[in-house]
Amino acid sequence: MRVRTTAALAVLMAAALSAAGCSNDASMPGQGGGPAAPAAPSADCPLASAPDPGNSAPPANVPASTGAPKLAAKDTYRVAFSQNASNNPWRLAETASMQAEAQRLGYQLTVTDANNEQAKQIQDIKGLIAQRPDALFMAPITEQLGNVVVEAAHAGIPVFLLDRDVDTTAAKPGEDYVTVVVSDFVQQGRRAAWAMAQATGGNATIIELEGTTGSSPAIDRKKGFDESITQCPGMRVVVSQSADFTRAEGQSVTETLLQSHPDATAIYAHNDEMALGAISAIRAAGKVPGQDIKIVSIDGSKDALTAVDAGELYATVESNPRFGPKAFETMQQYAQQGQVPVQLVLEDRLFNRENAAQNIAEAY
Ligand code: AHR
């Protein structure tokens, strides 16, 4: 109800402003007047009139982890978690979820923070291996961490990858690590492309802000989005550049790219933080986020849902960071049964004008 009321008010206010000869003030947050409505679908863009592709089907015939180091069934465990960064709300929510679940279970958890540096994460993991935890959880910064995963396996420590994968030619699933618990990042990219087609009707000159180079979400979210928009000749990515999943780089990279691509009408950001930085850059360029430039991103943070509700961000595809319950449940299952599937895929929601407002309170 609130959404409709806000939208109706926006229409009345826009009409009043226009009658008075006023333009929108780009510095005012939420001046878009509430969540953004879909654009009329272009006839040659099937994506613009298709339903939300939703989550992918659960992967079939996933092998079991029979060759990884075993974990004894015990009443309590001493475990470790190598986090790759703490520079955004998503990372903080993931760490908090791991800590809360460990505490609930009465397990001892050591957490390291690699400060968004691959070399530091490798050193962190080597240090954790030396402490010989019962199990090692790892959120690898890039896919290039296979060697240190193998090192942990050789030390007899079962490794559980969380939220990001490693190159499986360097570390074998089910042998060098027990399992990887992830969202389907390719599908997230497809859903973002669908949302962008809704936002633009299938006509968009797109700036793509990529995540950390070499990380599985950056690789897969790009693949899913770029492949999907080939269905629509009016949608094209004119430039695609990394902003390292951070708000500050999202802002600075967008500032630069808006100068070299002043004709851009849309931004696809691989995460919310970069999208929020992009919104600041759009305002600084004297344009109106959500109107002059449509934005779609991924994660589902509190700030992003607030931006959706304000009409600045069109939609954000959820990537749920609350891994704690699933991570420890999987670890316990492995201890009891000696094997789990080598890949476990989570389900995510999509937040747009229909449901953003009602989910702000529970978001991170
Ligand atoms: O691996 C998941 C991604 O990593 C999230 O989208 C991002 O915000 C985080 O840094």
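Since this is a predicted model, take the numbers as computed values, not measurements.

Inspection of every chain in the model, using the stated rule, returns seven aromatic pairs. Between F137 and F160, the aromatic rings sit 5.5 Å apart at their centres with planes inclined by 40 degrees, giving tilted as the arrangement. Here F137, found in strand β3 (residues 135-138), pairs with F160, found in strand β4 (residues 159-162); they are 23 residues apart in sequence, far enough to count as distant. By relative accessible area, which is 0% here, F137 ends up buried.

For the pair helix α7 (residues 247-260) and helix α8 (residues 272-284), interaxial distance at closest approach is 7 Å and the crossing angle is 45 degrees. As judged from the angle between their axes, α7 and α8 are oblique. Handedness of the α7/α8 crossing: right-handed. Note on element contacts: α8 touches α7 through E273, M274, L276, G277, A278, S280, A281 and I282, opposite R247, G250, Q251, T254, E255 and L258. Each residue belonging to the contact of α7 with α8 can be placed in one class, and the counts come to six nonpolar, five polar and three charged.

Turning our eyes to something else, we now look at the pattern of salt bridges. Evaluated as defined, the whole model comprises 19 salt bridges. The network of salt bridges with common partners includes R91, E94, D163 and R164.

Ordered in space as β7-β6-β8-β9-β10-β12, the six strands form an open sheet in which the pairing is mixed. Each edge of the open sheet carries a strand with a single partner, namely β7 (235-242) and β12 (350-351). Of the pairings in the sheet, the one linking strand β6 (residues 204-210) to β7 comprises seven bridges and is parallel in character. Along β7, the bridge assignment pairs T205 with R236.

Now for the state of the cysteines. As enumerated under the stated definition, the model contains one disulfide in all. For C45, the disulfide goes to C232, at an S-S distance of 2.1 Å. Negative torsions about the S-S bond denote left-handed disulfides, and the value of about 65 degrees found for C45 with C232 makes this one right-handed. Placement of the pair is C45 in the loop between α1 (2-19) and β1 (78-83) and C232 in the loop between α6 (216-228) and β7, with a sequence separation of 187 residues. Relative accessible area serves as the criterion here: at 1%, C232 is assigned to the buried category.

So, on to the nonpolar core. By size, the foremost hydrophobic cluster in this structure holds 28 residues, and its most contacted members are V79, M98, F137, L162, F328 and M331. Those elements that provide at least two residues to this core are β1, α2 (89-105), β3, β4, α10 (324-337) and β11 (343-346). Counting residues per element, this core draws most heavily on α10, at five residues. Not counting residues within four places of it along the chain, the set of residues in contact with F328 comprises V79, M98, E101, A102, L105, Y107 and F137.

This part covers the site of the ligand. As a matter of local geometry, the ligand sits amid N88, W90, R91, D163, R164, F185, P217, R221, N271 and D299. Between the ligand and the protein, one listed contact pairs an oxygen atom with a side-chain N or O atom of R91 at 2.7 Å. Between the ligand and N271, the relevant distance is 2.9 Å, taken from an oxygen atom to a side-chain nitrogen or oxygen of the residue. Elements that contribute at least two residues to the shell around the ligand include exactly α2 and α6. Split into classes, the residues belonging to the shell around the ligand amount to three nonpolar, two polar and five charged.

About the criteria used
- Residues numbered from 1 in each chain as written.
- Predicted model: local features only at pLDDT ≥ 70, side-chain atom pairs only at ≥ 80, totals over all residues.
- Heavy atoms only, no water.
- Phe/Tyr/Trp six-rings, centres within 6.5 Å; stacked < 30°, edge-to-face > 60°.
- Helix = DSSP H or I, 4+ residues; strand = E, 2+ residues; numbered from the N terminus.
- Buried < 20%, exposed > 50% of the residue type's maximum accessible area, 1.4 Å probe, protein only.
- Axes fitted to C-alpha atoms, helices over the stretch in contact; angles between N-to-C directions.
- Parallel < 35°, antiparallel > 145°, perpendicular 65-115°, else oblique.
- Left-handed = near helix turned anticlockwise from the far one by under 90°.
- Contact = heavy atoms within 4.5 Å.
- Nonpolar A, V, L, I, M, F, W, Y, C, P; charged D, E, K, R; others polar.
- Salt bridge = Lys/Arg side-chain N within 4 Å of Asp/Glu carboxyl O.
- Pairing = 2+ DSSP bridges.
- Disulfide = S-S within 2.5 Å.
- Core = buried A, V, L, I, M, F, W, Y, C linked by side-chain atoms within 4.5 Å.
- Near = heavy atom within 4 Å.
- Polar contact = N/O pair within 3.5 Å; in protein donor to acceptor, adjacent residues only side chain to side chain.

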